[in-house]
Amino acid sequence: MIISRYLIMKKYILIIALFLNLNLFSQNVSIKGAVRQSANSDKQSTSLVRLLTYNDMLTCEQTTIYETYTDDNGNFVIETNIDDIVMAQIAVDLERVDILLRPDSDYEIEIIIPEQNDDVSYFERQSPTLKMIKENDDDLYYQYSMSNMIIDDFVLNNFNKLYRGRQISLLDSLDVNINKELGDISSDFVRDNLQYRKAAIQMMVNNNAKRVIENYYNKKEILYSNPAYMNLFQEIFTNYLASRQFNPSEIRNLLYADYDSFLKYVKEKDVFLSDNEDLSELIVAWNLRRMYYEMPDEKNEILNYLDYIAKHTKSVENRKLVVDILTQIKRLSFGSDAHGFSLKDKDGRTVTLSDFKDDLVLMQFVDHKSNMTDYQFEMLDNLSRQWQDTIQIFTIANREYFEEYKQMFEDKGYEWTLLNLEDDILLLEKYQIRIFPDYVILGKDNKIGMSPAPSPDQYLDFHVRRIYNYYKKNDKK
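## Some thoughts on the sheet that holds strand E4 (residues 75-80)
What holds strands together in a sheet is hydrogen bonding between their backbones, with the strands either parallel or antiparallel. Read from one edge of the open sheet, four strands run E4-E1-E7-E8, paired in mixed fashion. Of all the strands in the sheet, the pair left with one neighbour each is E4 and strand E8 (129-135). For this sheet the average axis-to-axis angle between neighbouring strands, irrespective of direction, equals 20°.

Here it is as structure tokens:
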């Protein structure tokens, strides 16, 4: 009898263990997608597809949680786990679309990437769009997208009445439209997003940030992952420590004291900050981020304060967010590590950045040829003759234009190195290349010297010489 009970118990334990293991390795989000290019093409090449989640909606720093490739027909499948409702982006090569995801949900989507005109600027480029074909997330994505669309249309159609006429009563009709279109909203995420979007409209109508702070931020939960909450946060609090009650000279002097004294000062000056510990810490950190760019002489002190907050805060979410602030400040900053590469030159030889750690390097990123690129190449050729061997120049061309540049190098007799970007398109993302041509100066030991650097017709020579003299001076020490 005892043995029988033992066997039965063991059987149940094995069943439970098997169930836990199945759930441990199961994926709670599935995205079935298709990429459609607007360009006329019978066959599309494979593309890198990534799912990136936002760490928070204030810094908008992202983490890549899944990578795959499309097949030859542009189809892909993403299967992964998320712990909570999260704003995310799906990247197809370097093009991105936003998506809101919920655990235990399946999505079927189509991403349409428009054909780009090479003659338009980066800021005039058409953005890709996401078409939701099917989802089973309890209408979360639909209600979130539709509610934002309703509010956008409402503000656009009633802008004069709201902004000039101050007709706050119009918000009642907005509520009627939302209820009529969406009915009962079950998701706290969507309700919160609606609440803070309407709060932003109220502030626009009443021009009264103090009332909005009292109603929507004072002793309220911090919604780190909610876009509307954080958008309004930025509007209200980005310049908070620059407001009247804080003396600019006292703020500046306190940066040279300890952080506790700094925090004590701002709390004594402001009752709202003293009553909201975690939120005040976040407001201070966000203002320190702004001050870092506005107060160059106090950069080190500001970085020390942010580092102190990250190490000593009691809030796990604040710690993560401040670490993201520090990451963004230091990314591509002077002296930070440059991103390496291994690319083929026009003769098929492999060139790696690490081979030039003892040199200054100028990287020029290009895509299609134009009158502007021809002009900048001519100026860069003149500068290269002046610089001689003091700096290594690499022109990195996108794969589809490489042969065109290879012919140009031969025709013009350009003597610096031409490299083929090939499939390493994420190198453009790592160096935050937004327009072409674009330039980056690297110092010795493969450290960032200046990123982005100006073009040859916009004082590039001055900054190359400045960085060269910096290293020459420090080499003598």
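## A short note on the pairing of strand E15 (residues 447-453)
Of all seven residues making up E15, five are buried, and the element is well covered by its neighbours. Here strand E14 (residues 438-443) folds back onto E15, and the loop between the two strands holds three residues, one of which, aspartate 445, carries a positive phi near 60°.

## Describing helix H9 (residues 259-269)
Among the residues of H9, Tyr259, Phe262, Leu263, Tyr265 and Val266 are the ones counted as buried. Projection of H9 onto a plane perpendicular to its axis shows the buried side chains occupying an angular sector of 155°, all on one side. Set apart from the buried face of H9 by more than 90 degrees, the exposed residues are Lys264 and Glu268. Where H9 starts, the residue carrying a side-chain oxygen 3.3 Å from the main-chain nitrogen of aspartate 260 turns out to be aspartate 258.

## Some remarks on helix H6 (residues 209-216)
When we look at burial in H6, the residues that qualify are Val212, Ile213 and Tyr216. Mapping the buried residues of H6 onto a view down its axis gives an arc of 100°, with all of them on the same face. Considering only its buried residues, H6 is in contact with helix H5 (188-206), helix H7 (227-237) and helix H10 (271-275). Sitting at the amino-terminal end of H6 is asparagine 208, which places a side-chain oxygen 3.3 Å from the backbone nitrogen of lysine 210.

## A few points about the side chain of asparagine 420
Within the secondary structure, asparagine 420 sits in strand E13 (residues 417-420). Relative accessible area serves as the criterion here: at 10%, asparagine 420 is assigned to the buried category. A polar atom in the side chain of asparagine 420 sits 3.0 Å from the backbone nitrogen of glutamate 422. Once you skip the residues sitting within four places of it in the chain, asparagine 420 turns out to touch Leu343, Lys344, Ala397, Asn398, Arg399 and Phe402.

## Digging into the nonpolar core
Core analysis: the largest hydrophobic core is formed by 96 residues, its most contacted members being Ile90, Tyr217, Phe233, Phe262, Val266 and Leu288. Per element, the largest residue contribution to this core is nine residues, and it comes from helix H11 (residues 277-294). The residues contacting phenylalanine 262, other than those within four sequence positions of it, are Leu241, Ile251, Leu254, Leu255, Val284, Leu288 and Tyr305. In this structure, Ala397, Phe402, Tyr439 and Val464 belong to the second largest nonpolar core, which totals 26 residues.

## Some points on the pattern of salt bridges
If you walk through the whole model with that rule in mind, you get 22 salt bridges. For arginine 36, the salt bridge goes to glutamate 110, with nearest N and O atoms at 3.7 Å. Of this pair, arginine 36 sits in strand E1 (residues 29-37) while glutamate 110 sits in strand E7 (residues 105-113), and the two are 74 residues apart along the sequence. Classification of glutamate 110 by relative accessible area gives buried; the value is 19%. Notably, a salt bridge pairs aspartate 138 with arginine 102, separated by 3.8 Å at the nearest N-O pair. Pair noted here: aspartate 138 is in the loop between E8 and helix H2 (140-157) and arginine 102 is in the loop between strand E6 (95-101) and E7, with a separation of 36 residues, a long-range link. The exposure class of aspartate 138 is exposed, given its relative accessible area of 53%.

## With respect to the packing of H2 against H5
Relative orientation and spacing of two packed helices are given, respectively, by the angle between their axes and the distance between those axes. Interaxial distance between H2 and H5 falls to 10 Å at its minimum, and their mutual angle equals 10°. Regarding the angle of H2 to H5, the classification is roughly parallel. Where H2 abuts H5, its residues Leu140, Gln143, Tyr144, Ser147, Asn148, Ile151, Asp152, Phe154 and Val155 lie against Phe189, Val190, Asn193, Leu194, Arg197 and Ile201. Its residues assigned to classes, the contact of H2 with H5 comprises nine nonpolar, four polar and two charged.

## Focus: the packing of aromatic side chains
Within the structure shown, the criterion is met by 29 aromatic pairs. Arranged with centres 6.0 Å apart and planes meeting at 85°, the rings of phenylalanine 377 and phenylalanine 409 form a pair that is edge-to-face. A residue pair is termed long-range when its members are at least 10 positions apart, and phenylalanine 377 in helix H14 (residues 371-387) and phenylalanine 409 in helix H15 (residues 402-412) qualify at 32 residues. Accessibility classification places phenylalanine 377 together with phenylalanine 409 in one group, the buried group. An aromatic cluster is defined as three or more aromatic residues linked by ring pairs; in this entry it consists of Tyr196, Tyr216, Tyr217, Tyr229, Phe233, Phe237, Tyr240, Phe246 and Phe272. One residue, arginine 166, lies across the ring of tyrosine 163, its end atom 5.5 Å from the ring centre.

Calculation notes
- Within each chain, residue numbers correspond to sequence positions counted from 1 in written order.
- For a predicted model such as this one, the threshold for reporting local features is a pLDDT of at least 70, and the threshold for listing and counting side-chain atom pairs is 80 or more; totals across whole chains, interfaces and linings nevertheless cover every residue.
- Only heavy atoms go into the side-chain values, all of them from the structure, while hydrogens and water stay out.
- Two strands qualify as a pair provided DSSP detects at least 2 bridges between them.
- Only runs of H or I of at least four residues qualify as helices and only runs of E of at least two qualify as strands under DSSP, and these elements are numbered from the N terminus.
- Interaxial angles span 0 to 180 degrees and are taken between N-to-C directions of axes, which are lines fitted to C-alpha atoms, for helices over the stretch in contact.
- Only protein chains enter the area calculation, which uses a 1.4 Å probe; residues under 20% of their type maximum are buried, those over 50% are exposed, and those in between are partly exposed.
- The reported arc concerns the directions from the helix axis to the C-beta atoms and nothing else.
- The term polar contact refers here to a pair of N or O atoms within 3.5 Å; inside protein, the definition further demands a hydrogen-donor-capable atom paired with an acceptor-capable atom, and it admits residues adjacent in sequence only when both atoms are side-chain atoms.
- Any two residues having at least one pair of non-hydrogen atoms within 4.5 Å are treated as being in contact.
- Among buried residues, the Ala, Val, Leu, Ile, Met, Phe, Trp, Tyr and Cys ones that are joined through side-chain atoms within 4.5 Å form a nonpolar core.
- The working definition used for a salt bridge is a side-chain nitrogen of Lys or Arg within 4 Å of a carboxyl oxygen of Asp or Glu.
- Angular relationships are summarised with four words: roughly parallel below 35 degrees, roughly antiparallel beyond 145, roughly perpendicular across 65 to 115, and oblique for the angles in between.
- Three classes are used, and their members are as follows: Ala, Val, Leu, Ile, Met, Phe, Trp, Tyr, Cys and Pro are nonpolar, Asp, Glu, Lys and Arg are charged, and the others, Gly among them, are polar.
- Between rings of Phe, Tyr and Trp, where Trp is taken as its six-membered ring, a pair exists when centres lie within 6.5 Å; planes separated by under 30 degrees are stacked, by over 60 edge-to-face, and by other angles tilted.
- Geometrically, a lysine NZ or arginine CZ counts as sitting over a ring once it is within 6 Å of the ring centre and also within 35 degrees of the ring normal.

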